[in-house]
Amino acid sequence: LMIVVLGRPRVYRPEPDGELAPGGLAVELALAAARSGAHVELVGAVGDDPEGDRIVIELGRAGVGHAALMRDPATRTPHVGQPRDARPLPRLEAADVELGLRYQAECRVLVIGAELDPAALVAAQEAADFHGAAVVMVASTGSVEPEALGAEVTLLERPAIEDAESVEDAVIVAANDAAFGAFVAEYAIRLDRGESPATAFSAALEASAWEPSLD
């Protein structure tokens, strides 16, 4: 199995006085896929800071590849539940996406777990086409027009999550990311095994704790 996840990792504190842990949807689904035995690579960007160091260490311990995880000293790794500072978030522009995905010798399923600008999205889709990979895109409800993605892309929507303003809020956000990430990971793994999108979707829902909205 070879799944590539594209996204922006972040950190949070599971306990008020505990150590930082990697989080965010891209990280959670990469970890879930790795726990299921898939070969997973995380492509994206973090700051060149202690938070970024923590993410790299924990991904390595979990068996998630991160050779194409860019370290950018001009930006900061997002710390959920903490006040923002003046540094910008890690960039994930078209050139960064193209370079990161070029590192991948193989990609059978590409999961886009970050909001991308149109040029970066095109770069990701072109890389997937080159590898002959299935594409799964996760986006906030209504933020992406399905017609702009093409028929071969699976769009999975979920409600937008509010910014966490406290450690307690960050833990709730992390739990939601973990539940949805496990569902997306199961779906990606089943696509990689050759199941149809419809079959893979039904099986992933049954296997996960995620409950889709009836709206």
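All figures in this text were calculated on a predicted structure; none of them were measured in a lab. (Residues numbered from 1 in each chain as written. Predicted model: local features only at pLDDT ≥ 70, side-chain atom pairs only at ≥ 80, totals over all residues. Heavy atoms only, no water.)

### Points about the sheet that holds strand β6 (residues 109-112)
The strand order across the open sheet built from six strands is β5-β4-β1-β6-β7-β8, with neighbouring strands paired in parallel fashion. Because the sheet does not close on itself, it has two edges, and the strands there are β5 (69-72) and β8 (153-158). On average, each strand axis in the sheet is tilted by 15° relative to the strand beside it, whichever way the strands run. Both β6 and strand β7 (residues 134-140) contribute to a ladder of four bridges, which runs parallel. Of the residues in β7, the one forming a bridge with V111 is V136. In the packing of helix α1 (residues 25-35) onto the sheet, the strands contacted are β1 (2-7), β4 (39-47), β6, β7 and β8, and the crossing angle to β1 comes to about 165°. The strands touched by helix α5 (residues 167-192) are β1, β6, β7 and β8; relative to β8, the strand with the most contacts, the crossing angle is about 165°. (Pairing = 2+ DSSP bridges. Helix = DSSP H or I, 4+ residues; strand = E, 2+ residues; numbered from the N terminus. Axes fitted to C-alpha atoms, helices over the stretch in contact; angles between N-to-C directions. Contact = heavy atoms within 4.5 Å.)

### Some words on helix α3 (residues 94-102)
Burial in α3 covers these residues: D96, V97, G100 and L101. Projected down its long axis, α3 shows its buried positions confined to an angular sector of 120°, all on one face. Of the exposed residues in α3, the ones pointing more than 90 degrees away from its buried face are A95 and R102. Against the buried residues of α3 lie β1, β4, β5, β6 and α4 (118-131). (Buried < 20%, exposed > 50% of the residue type's maximum accessible area, 1.4 Å probe, protein only. Arc of directions from axis to C-beta.)

### Re the packing of aromatic side chains
Applying the stated rule across the entire model yields three aromatic pairs. Ring centres 5.5 Å apart and planes at 85° place the aromatic pair F183 and F201 in the edge-to-face group. Of the two residues, F183 sits in helix α5 while F201 sits in helix α6 (residues 197-207), which places them 18 residues apart along the sequence. With relative accessibility at 2%, the residue F183 sits in the buried group. (Phe/Tyr/Trp six-rings, centres within 6.5 Å; stacked < 30°, edge-to-face > 60°.)

### With respect to the nonpolar core
If you look at the biggest cluster of nonpolar residues, it comprises 36 residues, and the most contacted ones within it are I3, V5, V111 and V184. Breaking this core down by element, the ones donating at least two residues are β1, α1, β4, α2 (50-62), β6, β7, α5 and α6. Here this core gets nine residues from one element, more than from any other, and that element is α1. Residue contacts for V5: discarding those within four places in its chain leaves A26, L29, A30, V40, E41, L42, V43 and V111. By size, the runner-up hydrophobic cluster in this structure holds 26 residues, among which are A124, A128, V144 and L149. (Core = buried A, V, L, I, M, F, W, Y, C linked by side-chain atoms within 4.5 Å.)

From the geometry alone we can't say anything about function, so treat these as descriptive.
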